Amino acid sequence: MWRASVLTIFPDMFPGPLGTSLAGKALAAGAWSLDVADIRDFATDKHRSVDDTPAGGGPGMVMKADVLGRAIDAVAADDRPRWLLSPRGTPLTQDRIEALSRGPGAVLLCGRFEGVDERLIAGRSLEEVSIGDYVLSGGEIAAMAVIDACVRLLPGVMGAEASSAEESFSDGLLEYPHYTRPQVWEGRPIPEILTSGDHAKVAAWRRAQAEKLTRDLWNAFLGRLSKSPKPGSKTG
């Protein structure tokens, strides 16, 4: 069974969306399991403190290595990958998700405040992983995204196995456009080739559309990149 262990200061956020739809049905069926640990349970003071002021000064608070260390030791005594959801982490890809889904599960630490004591990251062999170039209030939503992406790939979770093979990023391309009835909606018809019955032409059209969407996205990225300030340049 694929096991997800989540460490958070907001355990009531789980299972949240993971308790519904495909993930929820698979959880109820025993296809995977979810363990949620409240980090505050591993604090030793009467206030159940999990953070303190940053060494060297500065704004915000930093999550404490000693408290997090005890939490991880209590829930992760196995060899599952240990991920810290962090905006400075390695960008998450579909390849990483597929590899993670094929393993025994994952231990996911949800960061909060200004971050986590760096000694904890090294001392407990955490890999920092990011789900995108933006900042969330904490790692909980990111952890849910990781779990959902993995669970849907577990054997038997998705109804049509072929659907996962044709999704965005499965072959390095974005997914082609989809259509369904009615044949015409607000004057917009379904592309004629999709109702032609010629499977070879349909496959070729879908491939061409996927390539175009991917190429357009890449060109847009290059356009933004060319407008970004060069290293060492001044703006404003």
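See the structure printed just above.
In this report, the structure presented in the accompanying data block is examined. These figures come from a predicted structure and were not determined experimentally. (Residues numbered from 1 in each chain as written. Predicted model: local features only at pLDDT ≥ 70, side-chain atom pairs only at ≥ 80, totals over all residues. Heavy atoms only, no water.)

Considered for burial, the residues of helix α1 (residues 21-28) that qualify are Ala23, Gly24 and Ala26. Down the axis of α1, the buried side of the element spans an arc of 165 degrees, and every buried residue falls inside it. Opposite its buried face, α1 presents the exposed residues Ser21, Lys25 and Ala28, each directed more than 90 degrees away. On its buried face, α1 is in contact with β2 (32-38) and α5 (140-151). (Buried < 20%, exposed > 50% of the residue type's maximum accessible area, 1.4 Å probe, protein only. Helix = DSSP H or I, 4+ residues; strand = E, 2+ residues; numbered from the N terminus. Arc of directions from axis to C-beta. Contact = heavy atoms within 4.5 Å.)

Pairing between sheet strands relies on hydrogen bonds along the backbone, with the strands arranged either parallel or antiparallel. Strands sit in the order β2-β1-β6-β5-β7 across an open sheet of five strands; the sheet is parallel. Each having just a single partner strand, β2 and β7 (127-130) make up the two edges of the open sheet. Sheet twist, expressed as the average angle between the axes of neighbouring strands with direction ignored, equals 35 degrees. Two elements, strand β1 (residues 2-8) and strand β6 (residues 105-110), share five bridges in a ladder whose sense is parallel. Across the sheet, residue Val6 finds its bridge partner in β6, namely Leu108. Of the strands in this sheet, β1, β2, β5 (82-91) and β6 are in contact with helix α2 (residues 65-75), which crosses β1 at around 160 degrees. (Pairing = 2+ DSSP bridges. Axes fitted to C-alpha atoms, helices over the stretch in contact; angles between N-to-C directions.)

Volume-wise, the second largest pocket comes out at about 410 Å³. Lining the second largest pocket we find 25 residues, and of these Leu85, Ser86, Pro87, Gly111 and Gly115 sit closest to its centre. Among the secondary structure elements, those contributing two or more residues to the lining of the second largest pocket are β5, α4 (118-123) and β7. If you tally residues by element for the lining of the second largest pocket, the top one is β5, at five residues. The residue inventory of the lining of the second largest pocket, partitioned by class, reads 12 nonpolar, eight polar and five charged. (1 Å grid on protein atoms, 1.4 Å probe; cavity = no way out; pocket = protein on both sides within 12 Å on 5 of 7 lines; lining within 4 Å. Points joined across faces, edges and corners; volume = space filled by probe spheres on them. Nonpolar A, V, L, I, M, F, W, Y, C, P; charged D, E, K, R; others polar.)

Limitation: the analysis is restricted to geometry and does not speak to function.
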